[in-house]
Structure formats: C-alpha cells, structure tokens
Amino acid sequence: MSKIIAFTNQKGGVGKTTTCVNLSAFLVEMGKKVLIIDVDPQGNATSGIGIEKTKGTKTIYDVLCEQCDISEAVQLSQIKNLEIIPATVDLAGAEVELVRMSGRERILKKYLNQIRSSYDYICIDCPPSLGLLTLNAFTSADALIIPIQCEFFALEGVSQLINTVRLIRSQGLNPSLDIDGVLLTMYDKRSSLTDQVANEILKFFGKKVFKTKIPRNVRLAEAPSHGMPITLYDRKCPGALAYEALAKEFLSRQPK
C-alpha cells in the first residue's frame, strides 16, 4: 500500500524542500520507489533534483488545470526510481483557476488516485502558505511531515497549521489526516537557544518529534544549486548522514 506524505510549514526557510528531496532520495536508496510532487510555485524541489524548467514541459499546473493526464507530467530524475511532477512559476496562477472549479479541494487527490499504486511513497512539497494548493495537498495526503527550524520564532504559525489540519478532518475533506512526524532542522548543538527551542517543540508535539535532528551543514545548502540531492552531491557529509538516519527512523515508524 502506497503512502502520500505532504511536507509543510507555512514559515519559509525551514528546510521543507531540502527534507522532501533528501528523504525521498534516501528512501529510494533503501529500495523504495518514490514520486515527488512539487506544488510550490517557486519550483525548488524541481530544480533541486536537476529538472530543467523548459518551455513545453508538462507540470503540476497542467494537471490541476486539467490540461494533461497526470502520467504525462511525470519526469524521470537522474536517480533510478525517483520521479517528479515538476512546478514552475505558472503554478502561482493555479489558485485563481482552482477557485472556479467544482470540488476544487479534491482535484489533486482525484489525479493521485490514478497513479498512487505505482509508487511506495508520494512526497508532496507544499508552498509556505495555507492556500488552495496546500489544501489540495492536505486533502490528498495520508500524513504530514513538519520541518521546524530551531530558532526563536519556531512555533510561530504552527498553531494555525494544526487548526487547518483539524478543520480538514472535521469538514470531511480528509478525516484520517495525521502528523507523521516533526523534524528539527538547522540544529546547532552548541547553542543554548537551540536546546530551549527543541524542548518547547518536544513539549508541544511529544512523540511526534523525530529523534533524528538535521544539523546546519554547508554541503547540504550547496547541493540544490547543483541540481542534486545530497546522496549524489556529498554522500558522507554530516547533512547526508542525518537524512540517511531520518529515512531509517521514518521507515521504522511505518506499519509492517
């Protein structure tokens, strides 16, 4: 049975796309077949695994606006069994077009149901907002992963995200939506502030917090500019080892 995971945090710059891309890459290394769906108009997941945004490329925008079948928009990456449906800046206009559509919150889910049996995991990289694109992702997903940066305002906006999850459940859009895990990113073990923030997050989310923490790491930050997941860019750097540990921990939490 495949699983759909949305990577989300309405706060930008927390390592959401980095986590989506690199966890996906390590899951593939561990024998899984993974599809990334980029629903962020910035298209960082798309460029982060080396997909060029050329004219005529089918994207998630074309799928949501019913201009192509979802299978036509799937692109192969440079890693076997890691595929992606890319995004470009055109996606910014999709929210306006979706508003006019019937069942607009469920359009992505309708299409994902056509292909989900082809993958072990479908990983959705959400935009840093709680708009209609994110709502489509939440309605489609089985679970959420929330990366949170270890900084002073870490929990700012998280309560709104939790309220959105409750609303989606209560309105019947996705009654079983759950939080699979909360990930501490940009972790600096030398900082007392980092420890304070980590403790606050642990109090708030409890066992949902992954034991694995992602450290600040230059090589991890460089990899997207080369169009590579960290598995290809620097397999032995501290950031890569952390994401490898995360993939193992993530799989250990899944039902057997």
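The text that follows walks through the structure, step by step, so that each part is easy to find. Computed from a predicted model, the values in this text were never measured in an experiment.

## Overview of the overall build of the chain
On a plain count of helices and strands, the chain comes out with 12 helices and 8 strands. Taking 256 residues into account, the globule formula puts the C-alpha radius of gyration at 18 Å, and the chain, at 17 Å, falls close to it. Its C-alpha atoms put the chain at 50 × 40 × 35 Å along the principal axes. Buried residues in the chain amount to 54% of all 256 residues. Restricting the contact set of the chain to residue pairs at least 6 apart, pairs at least 24 apart contribute 79%. If the 31 positive side-chain charges of the chain are averaged to one point and the 27 negative ones to another, these points end up 6 Å apart.

## Examining the layout of surface pockets
Looking at the largest pocket, its volume works out to about 500 Å³. Lining the largest pocket are 30 residues, with Gly15, Lys16, Thr17, Thr18 and Met186 sitting closest to its centre. Class assignment for the residues of the lining of the largest pocket results in 14 nonpolar, 12 polar and 4 charged.

## Brief notes about the packing of aromatic side chains
Per the counting criterion, the structure on display carries 2 aromatic pairs. Both rings, one in Tyr121 and one in Phe250, keep their centres 5.4 Å apart while their planes meet at 65°; by these two values the pair is edge-to-face. With Tyr121 in strand β5 (residues 121–125) and Phe250 in helix α12 (residues 238–253), this pair connects stretches of sequence that are 129 residues apart. Considered together, Tyr121 and Phe250 belong to a single accessibility category, that of buried residues. When the centroid spacing of 4.8 Å and the interplanar angle of 65° are considered together, the rings of Phe204 and Phe205 count as edge-to-face. Using a relative accessible area of 46% as the deciding quantity, one classes Phe204 as partly exposed. You can call Phe205 buried: its relative accessible area is 10%. Looking at Lys33, its charged tip hangs above the ring of Tyr119, at a distance of 5.2 Å from the centre. The ring of Tyr187 has Lys213 sitting right over it, with the charged end atom 5.6 Å from the ring centre.

## With respect to helix α9 (residues 192–205)
Helix length check: α9 (14 residues) gives 20 Å between terminal C-alpha atoms against 20 Å at 1.5 Å per residue, within 8%. Buried within α9 we find Thr194, Val197, Ala198, Ile201 and Phe205. With its buried residues spanning 100° around the axis, α9 presents them on a single face. Looking at α9, the residues exposed on the side facing more than 90 degrees away from the buried face are Ser192 and Lys203. As for α9, its buried residues are in contact with β6 (143–149), α8 (158–170), β7 (178–187) and β8 (209–215).

## Focus: the pairing of β8
Pairing geometry for β7 and β8, over 3 bridges, is parallel. Counted as the bridge partner of Leu184 is Lys213 from β8. Traced from β7 through α9 to β8, the parallel crossover comes out right-handed.

So, how was this worked out
Residues numbered from 1 in each chain as written. Predicted model: local features only at pLDDT ≥ 70, side-chain atom pairs only at ≥ 80, totals over all residues. Heavy atoms only, no water. Helix = DSSP H or I, 4+ residues; strand = E, 2+ residues; numbered from the N terminus. Rg over C-alpha atoms; globule rule 2.2 N^0.38 Å. Buried < 20%, exposed > 50% of the residue type's maximum accessible area, 1.4 Å probe, protein only. Contact = heavy atoms within 4.5 Å. Lys, Arg positive; Asp, Glu negative; His and termini not counted. Charge placed at Lys NZ, Arg CZ, Asp CG, Glu CD. 1 Å grid on protein atoms, 1.4 Å probe; cavity = no way out; pocket = protein on both sides within 12 Å on 5 of 7 lines; lining within 4 Å. Points joined across faces, edges and corners; volume = space filled by probe spheres on them. Nonpolar A, V, L, I, M, F, W, Y, C, P; charged D, E, K, R; others polar. Phe/Tyr/Trp six-rings, centres within 6.5 Å; stacked < 30°, edge-to-face > 60°. Lys NZ or Arg CZ within 6 Å of the ring centre and 35° of its normal. Expected span 1.5 Å × (residues − 1). Arc of directions from axis to C-beta. Pairing = 2+ DSSP bridges. Right-handed = clockwise from strand over helix to strand, strands pointing away.

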